[in-house]
Amino acid sequence: KMHQGARCSLCDDFDARDPGDGELTNTLSRCSSCGVVFHVGCYSKSIVPDADGNCICESCQFTSNNRDMEAFETPHCHMCNMKGGLLKKAYAKPVSMKKWKAQPLAFKKSLFGKQLWCHPVCAVWHPKCYVGADGDFNCSDIIMSNGQTHVDSNKRCSLCGRADRIKLACSQRQCYSHNGKQLVHFFHLSCARQAGLEVSDEHGVFLLKCFRHTRCEDVLRARMEDMIEFERKRAGNDLAQFNKPMTVAHAAILFHFGEKVLSCFGWAWRWADWWVQAGDNWEPLIEPGQDESLMTDEELKKVSTTPESRCEDARRCRLSAFGAALRNRDYDNVPGDDQVALDNAMRAILHTKSLVGPLKQNEIDFFADWLGRVYRSNSSLLGFGDDKIPIDPEACKHVSDGSRKDELGLRPLPGKQTLRIGSVFETGIHEVDDFLKEQTLPDAKKLKKKQEKTSETDKKVLCTSHDSEPKRKSRRRKRSHSIDEEVAALLDDEEPLANICQKKRELERMAADKEKATKVECLVLEKHAGKEHQVDSAVDTSENDKGNEAKAPEAPPSESDEQPISSLKRGGKHSPKKRWEDQPAMTDKSMSSKRVGEESACDSKVDDCSEMNSEKSEQKPRMRQRKIKDIFQTKVDAAPSPRRRGRPRHQTQNEQKVTSKAKTPAKKKVGRPRRLPTENNVESPSAASTERIPRKTRSR
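Residues numbered from 1 in each chain as written. Predicted model: local features only at pLDDT ≥ 70, side-chain atom pairs only at ≥ 80, totals over all residues. Heavy atoms only, no water.

Enquirer: So what's going on with the overall build of the protein chain? Residues and values would help.
Expert: Within the protein chain, the secondary structure is distributed over 22 helices and 13 strands. Here the protein chain holds 700 residues, and the buried ones make up 42% of them. Sequence-distant contacts, at least 24 apart, represent 69% of the contacts inside the protein chain between residues at least 6 apart. With an accessible surface of roughly 41500 Å², the protein chain has 50% of that area assigned to carbon and sulfur atoms. (Helix = DSSP H or I, 4+ residues; strand = E, 2+ residues; numbered from the N terminus. Buried < 20%, exposed > 50% of the residue type's maximum accessible area, 1.4 Å probe, protein only. Contact = heavy atoms within 4.5 Å. Areas by Shrake-Rupley, 256 points an atom, 1.4 Å probe, with all protein chains shown as cover.)

Enquirer: Which residues make up the nonpolar core, and what are the values?
Expert: Residues Met79, Trp271, Leu319 and Tyr331 are the most contacted members of the largest nonpolar core, which totals 114 residues. Apart from the residues within four sequence positions on either side, Leu319 is in contact with Ala268, Trp271, Ala272, Trp275, Ala314, Ile349 and Leu355. (Core = buried A, V, L, I, M, F, W, Y, C linked by side-chain atoms within 4.5 Å.)

Enquirer: Which residues make up the sheet that holds strand β6 (residues 88–91), and what are the values?
Expert: Pairing is mixed across the open sheet formed by four strands, whose spatial order is β7-β6-β9-β8. Two strands bound the open sheet, and with one partner strand each, they are β7 (116–118) and β8 (130–131). Sheet topology places β6 next to β7; three bridges connect them, and they run antiparallel. Within β7, the residue paired with Lys88 across the bridge is Cys118. (Pairing = 2+ DSSP bridges.)

Enquirer: Got a sec to walk through helix α2 (residues 58–66)? Specific residues and values, please.
Expert: Listing the buried residues of α2 in full gives Glu58, Ser59, Cys60, Phe62, Thr63 and Asn66. Those residues of α2 hidden inside the fold are in contact with β3 (28–31), α1 (40–43), β6 and β7.

Enquirer: Quick rundown of the pairing of β3? Include the residues and the values.
Expert: Look at any regular strand and the pattern is simple: side chains alternate between the two faces of the sheet. Judged by which residues are buried, β3 turns out to be covered on both faces: Leu28 and Arg30 on one side and Ser29 and Cys31 on the other are all buried. Remark: five residues form the turn of the hairpin made by β3 and strand β4 (residues 37–39), two consecutive strands paired antiparallel; Gly35 in that turn has positive phi of roughly 85°. The pairing of β3 with strand β5 (residues 54–55) spans two bridges and is parallel. Note on β5: the bridge partner recorded for Arg30 is Asn54.

Enquirer: Would you mind going over the packing of helix α9 (residues 268–278) against helix α12 (residues 319–327) in detail, with residue names and values included?
Expert: At a minimum axis separation of 7 Å, α9 and α12 run at an interaxial angle of 155°. Between α9 and α12, the angle is such that the two are roughly antiparallel. Crossing angle aside, the handedness with which α9 passes α12 is right-handed. From α9, Ala268, Trp269, Trp271, Ala272 and Trp275 reach across to α12, where they touch Leu319, Ser320, Gly323, Ala324 and Arg327. (Axes fitted to C-alpha atoms, helices over the stretch in contact; angles between N-to-C directions. Parallel < 35°, antiparallel > 145°, perpendicular 65-115°, else oblique. Left-handed = near helix turned anticlockwise from the far one by under 90°.)

Enquirer: Provide a residue-level description of the packing of helix α8 (residues 248–265) against helix α15 (residues 361–376), including the pertinent values.
Expert: Contact pair α8 / α15: the axes reach a minimum separation of 9 Å and the direction vectors enclose 85°. When the interaxial angle is binned, α8 and α15 end up roughly perpendicular. Taken together, the residues of α15 that come into contact with α8 (itself represented by Ala251, Leu254, Phe255, Gly258, Glu259, Val261 and Leu262) are Phe366, Trp370, Leu371, Val374 and Tyr375.

Enquirer: Account for the packing of aromatic side chains, naming residues and giving values.
Expert: Applying the stated rule across the entire model yields 14 aromatic pairs. Through pairs of rings, three or more aromatic residues link up here, namely Phe62, Phe72 and Trp117. The ring centre of Phe425 lies 4.6 Å from the NZ or CZ of Arg316, which sits over that ring. (Phe/Tyr/Trp six-rings, centres within 6.5 Å; stacked < 30°, edge-to-face > 60°. Lys NZ or Arg CZ within 6 Å of the ring centre and 35° of its normal.)

Enquirer: Let's hear about the sheet that holds β3: which residues, and what values?
Expert: Strand order in this open sheet of three strands is β4-β3-β5, and the pairing throughout is mixed. At either end of the open sheet lies a strand with only one pairing partner, and these are β4 and β5.

Enquirer: Give a description of the pattern of salt bridges that names residues and reports values.
Expert: Side-chain pairs of opposite charge can arise whenever the charged atoms involved come near each other. Tallied over the full model, the rule gives 28 salt bridges. Of the charged contacts in the structure, one is a salt bridge between Asp218 and Arg215, with a shortest N-O distance of 2.8 Å. Overall, the relative accessible area of 31% leaves Arg215 in the partly exposed class. Through salt bridges with shared partners, one network takes in Glu198, Glu202, Arg215, Asp218 and Arg223. (Salt bridge = Lys/Arg side-chain N within 4 Å of Asp/Glu carboxyl O.)

Enquirer: Can you explain the environment of Asp12? Please cite residues and give values.
Expert: Summarising the element assignment, Asp12 is placed in the segment before β1 (16–17). On the basis of relative accessible area, Asp12 is assigned to the buried category, the value being 19%. Put simply, Asp12 and His39 are 27 residues apart on the chain and 9.7 Å apart in space, counted from C-alpha to C-alpha. A polar atom in the side chain of Asp12 sits 3.1 Å from the side chain of Lys260. (Polar contact = N/O pair within 3.5 Å; in protein donor to acceptor, adjacent residues only side chain to side chain.)

Enquirer: Tell me about unusual backbone geometry, and name the residues and values.
Expert: For Asp152, which is not glycine, the phi dihedral falls at a positive 55°. As for its position among the elements, Asp152 is in the loop between β9 (137–138) and β10 (168–169). A positive phi angle, close to 60°, is found at Leu239, a residue other than glycine. In this structure, Leu239 sits in the loop between α7 (220–235) and α8.

Enquirer: Requested: an account of the confidence of the model for the protein chain, with residues and values cited.
Expert: Residues of the protein chain with pLDDT of at least 70 account for 64%, and the chain-wide mean is 75. Every residue in residues 548–603 scores below 50 in pLDDT, and together they form 61 contacts with partners more than four places removed in sequence or on other chains. (pLDDT = per-residue confidence, 0-100.)

Enquirer: Tell me about the environment of Ala252, and please be specific about residues and values.
Expert: Tracing the backbone through its elements, the reader meets Ala252 in helix α8. We classify Ala252 as buried; its relative accessible area is 1%. The sequence separation of Ala252 and Gly5 amounts to 247 residues, and the corresponding C-alpha distance is 5.8 Å.

Pasting the structure below:
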């Protein structure tokens, strides 16, 4: 029975026996499909194993029944990143369904609408998960309201470096990371158990502890001592009877012991830094009748070490490189390396007393033989090769050169070098490591923003624009929206990058020219409206002064009189004149009296305005472009909208200030708005129009 000696995937313990009569009270069962081992009482009492202790777990039953469905997804734990393992059904419910009723498709794709699965150890050890009425795990309190992420997504696992899924902090009070910073260690449950950390249950209290606070029973050296102690029952204390026949049950127990030890070595690329800095919590194994106070350090097998000595030992046996080679199964690349090279690398580790304790030669041969057998078994419980837990490459790099810790890279395969006779350790190899260096995990939020920004810049074309002013930023954002859409279309068509850059520059140049032309037109319309308002005011003043004279109808408009502003075109002529038939008939007497009364005040004003309008309409495009830069320095963003036909709109106080500043010479101070011209005090507008508008600089 190969499941003998195995441990329950949930409680990590052997078969439970009654302390009175020694009968089995909670037997182990194995899934005949996926091979996971568990206690029926720990997993589900509804599953009934056969006579050989075999059964089918819930995830395998679900897969066999729903494999042919279109929306079928292979069951996997939503709380960690480990593939396979013992799984049980779970579910999550949102706080309110008001948001999701309007988005039925999004609800089906979220964690609230899917059939969830989780490892029982991940759910049981989390305080916010509990078993529902139907026996499934309720995970509603650990999923965010968006239905996509979990709580504590800004915390990183200290082993795999990933920030996703569910993580738990070290149960030890005042636990600090081993990097000089006062940060608590967080772990995925599956990462912690596979790396050999303490994941225990003491009287209903579920504990998870980091490498520094792990109890002595779960230390690597203690696991190896438990393995060899079981072998001593068969082969004697000195292992002299190693050729004695071995039962299948005994071999199965040794095999599962070896799985625990070798899977712990597979994470040595990560915990080697912690071991060099702080050591481990190993305690000597005391036999019944022994007194520790009366025993020497040699009898207790104690090894005195310092951080510097552990650093030298870790480099000599190439501990970090050995863990990376195991994780990626690099000994399978070349035929024969899984025997010769692996055996040499394993013996170098076993000769390191500060790590595994002082071992005799027959004990070293025992461990090298059995650990090699376990590696060549390709067991999925080891977590090597395709079964390894994925990590975050950005959080698992060396400080010095940025190379990845979990991969060999340019480092040679441990044990590959030809050794001299009597030598165990490889020589002449200098590889990078982070021993006794301050290390910090990158912030999850900052790293995520950096990755999103990098992915966006890979698709966008970076074209810098010159002479950008603060007030044009908002308009440029609105204008570039359509430009970005065109650039995105070109990217989808896989156009060359150079062509896309040139196309975007042309679009931005055309949009800028169009915006400048529009502002020039608004400025011309504003000045024209101000001139008409002054002319009409002068005419009204002269008519009030001559109240004793008869009022006559207005004279027909000439070609130079005011025209509707809506009929003005850029660089063109005015619209046709008003029809003379629409105006009332005028006598010679009324015509002469009108002209005599207004000749001194109004006639010259109207003529000058007509001359100014004719000059502006006949301006050449290059003259307009030459004055664009000076005109734009004024506050043109507040220009009034084009008025409708009819009576001109009255200026506000702010507009009168702008008009008066434009007409006043630069040396004079302009305080109040310019008063309206009277009959005896009329200033020619042509003089003000020929003066240059004072340039103003924008402050950034």
